[in-house]
Amino acid sequence: MDETSKKPVSAFEKRVKRRIASRQHTFYISTAPGLIGRLEREVAETLGVIPERLTGGVSFAGRLERMWEAALSRRFANRILVRLAEFSASDFRRLEKRCREVPWELWLPEGAAVEVAASAHHCRLYHTGAIEERVGRVVDTALGGRGQMAAQRITVRGENDRFTLSLDATGDALYKRDLKVHGGRAPIRETLAAAILDMVGYTGAEPLVDPMCGTGTFSIEAAMVASHTAPGLFRSFAFEAWPSFRLPAFQHLREGLLAKKMAAPAKIVASDGDGEAIRRLKETLPHLPFGEAITPLQADFFELTPEALGLKEPGVVVFNPPYGKRIAGGGSELVLRLVERLSSCWAGWRIAIAVPKNQIPSSLRKKSSLSVYPLAHGGLDLSVLCGTL
Ligand SMILES: C[S@@+](CC[C@H](N)C(=O)[O-])C[C@H]1O[C@@H](n2cnc3c(N)ncnc32)[C@H](O)[C@@H]1O
């Protein structure tokens with residue numbers, strides 16, 4: 001661009017740059033119970049930082065670009081928060097004073113609506129509704145009133161009269177990849193599907209069969225793992241509305257991640273007995289950048305064999321069968337039948353079956369070739385039965 005056509009940098013932009021964009025911040029990445037170790041490893045490997053392990057997640061320090069990168073590329077993360085302030089407060093006057101010290105107008109767009117979520121344990125300020133109202137009022141005043149744009153989320157966490165103020169950088173939880181154009185009866189969360197693929201050691205070089213695929217979550221996550229596609233490339237984030245957001249730098253980051261994409265993965269078969277689920281998946285796949293890697297098929301699992309699918313080398317079979325909660329017909333009897341079928345027709349394949357904790361038959365817990373890993377799914381305690389039969 002011609003130097004003379006450059007827009008002059010305003011005093012406000014200079015303040016945002018000096019106080020927000022060119023500073024280091026502390027970020028907290030939350031995840032589901034049971035996934036913290038995976039998230040810790042993922043952050044260390046891909047961002048090159050040693051994160052600190054905390055309750056419910058990990059934290060790391062860096063500039064905003066590192067947080068953008070984390071949002072685009074973390075498979076096991078739920079949310080990313082930016083820590084804005086930490087202070088002691090035992091009355092509302094002090095809470096409001098410390099809250100006013102945060103330069104909200106540099107963090108959030110003018111007129112943004114905000115949603116405040118507070119928690120308080122062993123605090124003299126215990127009325128979370130009142131905390132939310134007071135903090136919301138301070139932020140509204142700083143931003144000049146509420147506009148029409150999507151609300152930004154602020155969290156206030158109190159413990160023993162010590163409060164942490166944070167800003168949610170992600171918006172919708174990160175398990176929402178915005179890839180599926182269809183819903184299903186009981187989809188598993190993408191973050192958990194990715195973790196189960198990791199537990200069973202899926203690399204993308206081996207075939208994968210998702211024989212009770214429903215909406216195809218395991219198959220779509222597998223195709224992304226295999227093609228090294230960052231899971232956040234197809235969605236938007238709350239931080240894109242912040243004054244500190246720089247589209248060219250963000251695009252550069254996205255293009256770098258897109259360039260990392262690899263060749264097509266080994267065959268992925270997404271099958272289900274429900275013809276409607278397969279019809280919907282067939283409609284979705286052409287919209288996915290790696291959709292051609294997935295073969296949709298209507299089939300009863302108990303009639304499927306690797307030979308009939310043309311799969312000569314063993315790979316991975318992964319599913320979360322009906323729990324009998326949202327879909328009838330699940331339970332430990334089904335788990336036993338699945339393992340019997342897998343033992344007789346899928347010898348040498350690595351398997352992962354996610355079911356409610358109490359549905360793993362005790363005979364399978366004793367099977368030396370299988371391990372059981374705990375996992376929490378939307379308030380339900382799951383166990384993942386993993387191993388080679
Ligand atoms: C809990 S859902 C799976 C959800 C899926 N993982 C997702 O993320 O959308 C269980 C699925 O198993 C399918 N199913 C149940 N019994 C089956 C069988 N014998 N053969 C094939 N599919 C079956 C159901 O139609 C349902 O779609």
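Residues numbered from 1 in each chain as written. Predicted model: local features only at pLDDT ≥ 70, side-chain atom pairs only at ≥ 80, totals over all residues. Heavy atoms only, no water.

Asks: How would you summarise the overall build of the protein if you had to cite specific residues and measurements?
Replies: A count of helices and strands for the protein gives 12 helices and 14 strands. Projected onto the principal axes, the alpha-carbon positions of the protein cover approximately 70 × 60 × 40 Å. Residues counted as buried form 51% of the 389 residues belonging to the protein. Partitioning the contacts of the protein with sequence separation of at least 6, the portion at a separation of at least 24 is 78%. (Helix = DSSP H or I, 4+ residues; strand = E, 2+ residues; numbered from the N terminus. Buried < 20%, exposed > 50% of the residue type's maximum accessible area, 1.4 Å probe, protein only. Contact = heavy atoms within 4.5 Å.)

Asks: How would you sum up the site of the ligand? Please name residues and give values.
Replies: Taken together, 21 residues sit near the ligand, with Thr215, Thr217, Asp272, Phe301 and Asn320 positioned nearest. One nitrogen or oxygen atom from the side chain of Asp272 is found 2.6 Å from an oxygen atom belonging to the ligand. The contact in question runs from a nitrogen atom of the ligand to an N or O atom on the side chain of Asp300, over 3.0 Å. When the ligand is considered free in solution it has 610 Å² of accessible area, and contact with the protein chains removes 89% of it. (Near = heavy atom within 4 Å. Polar contact = N/O pair within 3.5 Å; in protein donor to acceptor, adjacent residues only side chain to side chain. Areas by Shrake-Rupley, 256 points an atom, 1.4 Å probe, with all protein chains shown as cover.)

Asks: An account of unusual backbone geometry is requested, with residue identities and associated values reported.
Replies: In the Ramachandran plot, His122 falls in the positive-phi region, its phi being about 55° despite a non-glycine side chain. Mapped onto the fold, His122 is located in the loop between strand E5 (114-121) and helix H6 (128-143). Its identity is not glycine, yet Asn160 carries a phi of approximately 50°, on the positive side. Exposure remark for Asn160: the relative accessible area of 53% places this residue in the exposed category.

Asks: Provide a residue-level description of helix H9 (residues 247-259), including the pertinent values.
Replies: For H9, spanning 13 residues, the distance from its first C-alpha to its last is 18 Å, which sits close to the expected 18 Å at 1.5 Å a residue. If you check which residues of H9 are buried, you get Phe250, Leu253 and Leu257. Down the axis of H9, the smallest arc covering the buried residues is 60°, so these residues share one side. Among the exposed residues of H9, those pointing more than 90 degrees away from its buried face are Pro248, His252, Glu255 and Ala259. (Expected span 1.5 Å × (residues − 1). Arc of directions from axis to C-beta.)

Asks: Describe helix H7 (residues 190-199), listing the residues and the values that go with them.
Replies: Counting buried positions over the 10 residues of H7 gives 9, a clear majority of the element. Residues of H7 that are buried include every one of Glu190, Thr191, Leu192, Ala193, Ala194, Ala195, Ile196, Leu197 and Met199, and no others. Remark: Gly201 follows H7 within two positions and exhibits a positive phi of approximately 75°.

Asks: Tell me about the packing of aromatic side chains, residues and numbers included.
Replies: One pass over the full model with this rule turns up 15 aromatic pairs. Judged by centre distance (5.4 Å) and plane angle (65°), the rings of Trp68 and Phe245 are edge-to-face. On the criterion of sequence distance, the pair formed by Trp68 in helix H3 (residues 64-73) and Phe245 in the loop between helix H8 (217-226) and H9 is long-range, its members being 177 residues apart. Neither residue differs from the other here; Trp68 and Phe245 are each classed as buried. Among the aromatic side chains, those forming a connected cluster through ring pairs are Trp68, Phe237, Phe239, Phe245 and Phe250. The ring of Phe92 has Arg134 lying over it, and the distance from NZ or CZ to the ring centre is 4.3 Å. Directly above the aromatic system of Phe302 lies the positively charged group of Arg337, at a separation of 4.2 Å from the ring centroid. (Phe/Tyr/Trp six-rings, centres within 6.5 Å; stacked < 30°, edge-to-face > 60°. Lys NZ or Arg CZ within 6 Å of the ring centre and 35° of its normal.)

Asks: So what's going on with the state of the cysteines? Which residues, and what values?
Replies: For the coordinates displayed, the defined rule picks out 0 disulfides. Take Cys99: it sits in no disulfide, and the sulfur closest to it among the cysteines is that of Cys123, at 15 Å. Overall, Cys99 belongs to the buried group, its relative accessible area being 1%. Residue Cys345 stays outside any disulfide, its sulfur separated by 19 Å from that of Cys213, the closest cysteine. Taking the relative accessible area as the measure of exposure, Cys345 reaches 23% and is therefore partly exposed. (Disulfide = S-S within 2.5 Å.)

Asks: Pulling in residues and values, what's your account of the pattern of salt bridges?
Replies: Enumeration according to the criterion identifies 21 salt bridges in this entry. We note a salt bridge from Glu105 to Arg15, for which the minimum N-O separation is 3.1 Å. Linking Glu105 in helix H5 (residues 104-107) with Arg15 in helix H1 (residues 11-21), this pair joins segments that are 90 residues apart in sequence. On the accessibility criterion, Glu105 (28% relative accessible area) is partly exposed. Overall, the relative accessible area of 30% leaves Arg15 in the partly exposed class. Counted as one network, the salt bridges with shared partners bring together Arg38, Arg41, Glu45 and Asp198. (Salt bridge = Lys/Arg side-chain N within 4 Å of Asp/Glu carboxyl O.)

Asks: Residue-level account of the domain arrangement of the protein, with values.
Replies: Each domain of the protein was delimited in the assignment, giving domain 1 (8-168) and domain 2 (190-227 + 262-388). Here domain 1 and domain 2 have C-alpha centroids that lie 37 Å from each other. On the domain 2 side, the residues contacting the 9 residues of domain 1 number 11 residues. Roughly 810 Å² of surface becomes buried between domain 1 and domain 2 when both sides are summed, with 58% attributable to carbon and sulfur atoms. Counting the surface domain 1 buries against domain 2, the share from its top three residues, Leu35, Arg38 and Arg75, is 58%. For the interface between domain 1 and domain 2, the tally reads 2 salt bridges. Here Asp198 and Arg38 are joined by a salt bridge, their closest N and O atoms 2.6 Å apart. At the junction of domain 1 with domain 2, the criterion picks out 2 residue pairs in polar contact (both at pLDDT 80 or more). (Domains from an automatic or database assignment. Buried area = accessible area lost by both parts, 1.4 Å probe.)

Asks: Just give me the short version of the pairing of strand E3 (residues 57-62), but keep the residues and values in it.
Replies: Of all 6 residues in E3, 5 are buried; the element is thus mostly enclosed. Summarising the sheet, strand E1 (residues 25-30) and E3 pair through 6 bridges and their orientation is antiparallel. Of the residues in E3, the one forming a bridge with Ser30 is Gly57. Hairpin geometry of strand E2 (residues 52-54) and E3 is characterised by an intervening segment of 2 residues between the two adjacent antiparallel strands and by a positive phi of about 80° at Gly56. (Pairing = 2+ DSSP bridges.)

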